[in-house]
Amino acid sequence: MLSDFPEIKAAFDKLMAEKEALVAEVQPLRDEFEELHAQATEIQLKMKELTAKRKAITHPRLVEIDEQLSAIARATGGKALSDGPIS
């Protein structure tokens, strides 16, 4: 037992007290970190939800537009509209 070795017990008690003090010192930082982490998780979930909604609205029409643009490009022999008027 440690009581049989007073010098070792004193060193042990001193180290445990230092450890507890360090843990207590950083506890407010841990608490703040956890709060921010919870907020970040909530924000990430909201962003994912908004992205899915945006894609659901725009994706089908964007596919149609791209298909129509491709058809126009094929019909004009691949001439880009930025090359000037189609003749």
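About the cut-offs
- Residues numbered from 1 in each chain as written.
- Predicted model: local features only at pLDDT ≥ 70, side-chain atom pairs only at ≥ 80, totals over all residues.
- Heavy atoms only, no water.
- Helix = DSSP H or I, 4+ residues; strand = E, 2+ residues; numbered from the N terminus.
- Buried < 20%, exposed > 50% of the residue type's maximum accessible area, 1.4 Å probe, protein only.
- Areas by Shrake-Rupley, 256 points an atom, 1.4 Å probe, with all protein chains shown as cover.
- Bend = angle between axes of the 7 residues up to and from the residue.
- Salt bridge = Lys/Arg side-chain N within 4 Å of Asp/Glu carboxyl O.
- Patch = residues over 30% accessible without salt bridge, like charges linked within 9 Å, V, L, I, M, F, W, Y side chains within 5 Å.

Novice: An account of the overall build of the chain is requested, with residue identities and associated values reported.
Specialist: Across its full length, the chain holds 1 helix and 0 strands. Burial analysis of the chain (87 residues in total) assigns 0% to the buried set. Roughly 7900 Å² of accessible area belongs to the chain as shown, and the carbon and sulfur atoms make up 64% of that amount.

Novice: Can you tell me about helix H1 (residues 6–75), naming the residues and giving the values?
Specialist: At Gln 27, H1 shows its largest bend, some 40 degrees, and a proline, Pro 28, comes one to four positions later. Immediately beyond the C-terminal end of H1, within one or two residues, lies Gly 77, with a positive phi of roughly 70 degrees.

Novice: Describe the pattern of salt bridges, with residues and values.
Specialist: When the charged atoms of two side chains lie near each other, side chains of opposite charge can form a pair. Tallied over the entire structure, the rule returns 4 salt bridges. Residues Glu 49 and Lys 53 are paired through a salt bridge, measuring 3.2 Å at the closest nitrogen-oxygen approach. You can see Glu 49 and its partner Lys 53 sitting in helix H1, 4 residues apart, about one turn around the helix. Look at Glu 49 and you get partly exposed, because its relative accessible area is 36%. Looking at Lys 53, the relative accessible area reads 46%, which means it is partly exposed.

Novice: Go over a nonpolar patch on the surface, please, and point to the residues and values.
Specialist: Together, Leu 2, Phe 5, Ile 8, Phe 12 and Met 16 make up a nonpolar patch on the protein surface, roughly 450 Å² of accessible area in all. Taking relative accessible area as the criterion, Phe 5 reaches 44% and is therefore assigned partly exposed.

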